[in-house]
Amino acid sequence: QVQLVESGGGLVQAGGSLRLSCAASRRTLGNYVMGWFRQAPGKERESVAAISRGGSNTYYADSVKGRFTISRDNAKNTVYLQMNSLKPEDTAVYYCAADPTPWGTPRPEKYAYWGQGTQVTVFS
């Protein structure tokens, strides 16, 4: 079992920035594709970003391209999501997840482990 713990969420004004962190247990981060998902009230969970095991491949949802950056530090067993130019529509609970399958199109069902989520609220 892999335990994931997110941190860094909070309340931020539109146009501001936040950096989310996700720490994995037992130094297992390098064994997985890592992804970030979000779910807003009344809406379905959606994929935000993903990064391959070595960090050379990334995926971003169209809605966050150019604003969000996913990165990882396997030595520190941590994955990050840098969020810039935040908009009210970015408000959601953000989840970190680990995918044991080969790199490919992100799908929620591919992710075997999930964090508890961290709230991001953007106000205008």
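Residues numbered from 1 in each chain as written. Predicted model: local features only at pLDDT ≥ 70, side-chain atom pairs only at ≥ 80, totals over all residues. Heavy atoms only, no water.

A. Molecular detail of the state of the cysteines. Taken as a whole and judged by the stated rule, the model has one disulfide. Disulfide partner of C22: C96, at an S-S distance of 2.0 Å. Taking the torsion about the S-S bond as the criterion, the C22 to C96 disulfide, at about -75°, is left-handed. In this pair, C22 sits in strand 3 (residues 18-24) while C96 sits in strand 9 (residues 92-99), placing the two residues 74 residues apart along the sequence. Each member of the pair C22 and C96 is classed as buried. (Disulfide = S-S within 2.5 Å. Helix = DSSP H or I, 4+ residues; strand = E, 2+ residues; numbered from the N terminus. Buried < 20%, exposed > 50% of the residue type's maximum accessible area, 1.4 Å probe, protein only.)

B. Focus on the pattern of salt bridges. A full pass over the atoms with the stated rule returns five salt bridges. With a shortest N-O distance of 2.7 Å, R38 and E46 are connected by a salt bridge. Relative accessible area serves as the criterion here: at 6%, R38 is assigned to the buried category. Using a relative accessible area of 33% as the deciding quantity, one classes E46 as partly exposed. (Salt bridge = Lys/Arg side-chain N within 4 Å of Asp/Glu carboxyl O.)

C. Region of interest: the sheet that holds strand 7 (residues 68-73). Ordered by their spatial adjacency, four strands build an open sheet running 1-3-8-7, and the pairing between neighbours is antiparallel. Every interior strand has two partners, whereas the edge strands, strand 1 (4-7) and strand 7, have only one. Going across the sheet, the axis of each strand differs from the next one's by a mean of 15°, ignoring polarity. In the sheet, strand 1 pairs with strand 3 via four bridges, with the strands oriented antiparallel. Looking across to strand 3, one finds that V5 is bridged to A23. (Pairing = 2+ DSSP bridges. Axes fitted to C-alpha atoms, helices over the stretch in contact; angles between N-to-C directions.)

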